[in-house]
Amino acid sequence: MPALRGSEQEDARDDLIALHMYLHDTEGPLSYRELAQSLRAGEARLLPYGACVASALRRLPRTAGSPSGAPTRRTPPSRRGTCCARRPR
């Protein structure tokens, strides 16, 4: 993040590392399951981690349109859901 300097850059790096861990750790104390359980139970131990994840999501660039593979208005109804499906031979 070249536009950020000093502590802003360090904060952004910490946030993005937390988001990476949230998205890629499937087990362990920083997995998404553990964070969800902790927040639902009202525990404060993972609040800083959750705050970093939320901050990282706010830092990501905004996108327009629908997620990849999702039907859009421009997709004809007969073609929806066929982009990744195997065609019969």
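Residues numbered from 1 in each chain as written. Predicted model: local features only at pLDDT ≥ 70, side-chain atom pairs only at ≥ 80, totals over all residues. Heavy atoms only, no water.

**Things to note about the packing of aromatic side chains**
Any aromatic ring pair is given by two values, namely how distant the centres are and how the planes are angled relative to each other.
Then step 1. Counting across every chain of the model gives 1 aromatic pair.
Then step 2. Ring centres of Tyr22 and Tyr32 lie 6.4 Å apart, and the angle between their planes is 75 degrees; on these two criteria the pair is classed as edge-to-face. Of this pair, Tyr22 sits in helix α1 (residues 6–24) while Tyr32 sits in helix α2 (residues 32–40), placing them 10 residues apart in sequence.
Then step 3. Using a relative accessible area of 33% as the deciding quantity, one classes Tyr32 as partly exposed. (Phe/Tyr/Trp six-rings, centres within 6.5 Å; stacked < 30°, edge-to-face > 60°. Helix = DSSP H or I, 4+ residues; strand = E, 2+ residues; numbered from the N terminus. Buried < 20%, exposed > 50% of the residue type's maximum accessible area, 1.4 Å probe, protein only.)

**Observations regarding the nonpolar core**
Within soluble globular proteins, side chains that are nonpolar generally end up buried alongside one another.
Then step 1. Ranked by size, the top nonpolar core spans 7 residues in total: Ala18, Leu19, Leu35, Leu46, Tyr49, Val53 and Ala56.
Then step 2. Elements with a contribution of two residues or more to this core: α1 and α3 (47–59).
Then step 3. The element that contributes the greatest number of residues to this core is α3, accounting for 3 residues. (Core = buried A, V, L, I, M, F, W, Y, C linked by side-chain atoms within 4.5 Å.)

**Some remarks on a negative patch on the surface**
Then step 1. Taken together, the side chains of Glu8, Glu10, Asp11 and Asp14 define an acidic patch exposed on the protein surface.
Then step 2. Along the chain, Asp11 turns up in helix α1. (Patch = residues over 30% accessible without salt bridge, like charges linked within 9 Å, V, L, I, M, F, W, Y side chains within 5 Å. Areas by Shrake-Rupley, 256 points an atom, 1.4 Å probe, with all protein chains shown as cover. Salt bridge = Lys/Arg side-chain N within 4 Å of Asp/Glu carboxyl O. Lys, Arg positive; Asp, Glu negative; His and termini not counted. Charge placed at Lys NZ, Arg CZ, Asp CG, Glu CD.)

**A look at the side chain of Ser31**
Then step 1. Inspection of the secondary structure puts Ser31 in the loop between α1 and α2.
Then step 2. Given the relative accessible area of 3%, Ser31 is considered buried.
Then step 3. Apart from the residues lying within four places of it in its own chain, the contact partners of Ser31 are Asp25 and Thr26. (Contact = heavy atoms within 4.5 Å.)

**As for α1**
Then step 1. A rise of 1.5 Å per residue sets the reference length of α1, with its 19 residues, at 27 Å; its end C-alpha atoms lie 27 Å apart and thus fit the reference within 8%.
Then step 2. Listed in full, the buried residues belonging to α1 are Ala12, Asp15, Ala18 and Leu19. Angular distribution of buried residues about the axis of α1 spans 125 degrees; they occupy a single face of the element.
Then step 3. Each element contacted by the buried residues of α1 is listed here: α3. (Expected span 1.5 Å × (residues − 1). Arc of directions from axis to C-beta.)

**Digging into the pattern of salt bridges**
Then step 1. Taken as a whole and assessed by the stated rule, the structure comprises 3 salt bridges.
Then step 2. For Asp15, the salt bridge goes to Arg59, with nearest N and O atoms at 2.9 Å. Pair noted here: Asp15 is in helix α1 and Arg59 is in helix α3, with a separation of 44 residues, a long-range link.
Then step 3. Exposure remark for Asp15: the relative accessible area of 6% places this residue in the buried category.
Then step 4. A salt bridge links Glu34 to Arg45; the shortest N-O distance between them is 2.3 Å. Residue Glu34 is located in helix α2, and its partner Arg45 is located in the loop between α2 and α3; the two are separated by 11 residues in the primary sequence.
Then step 5. Overlapping salt bridges bring together Glu34, Glu43 and Arg45 as one network.

Purely geometric stuff here, so don't read any function into it on its own.
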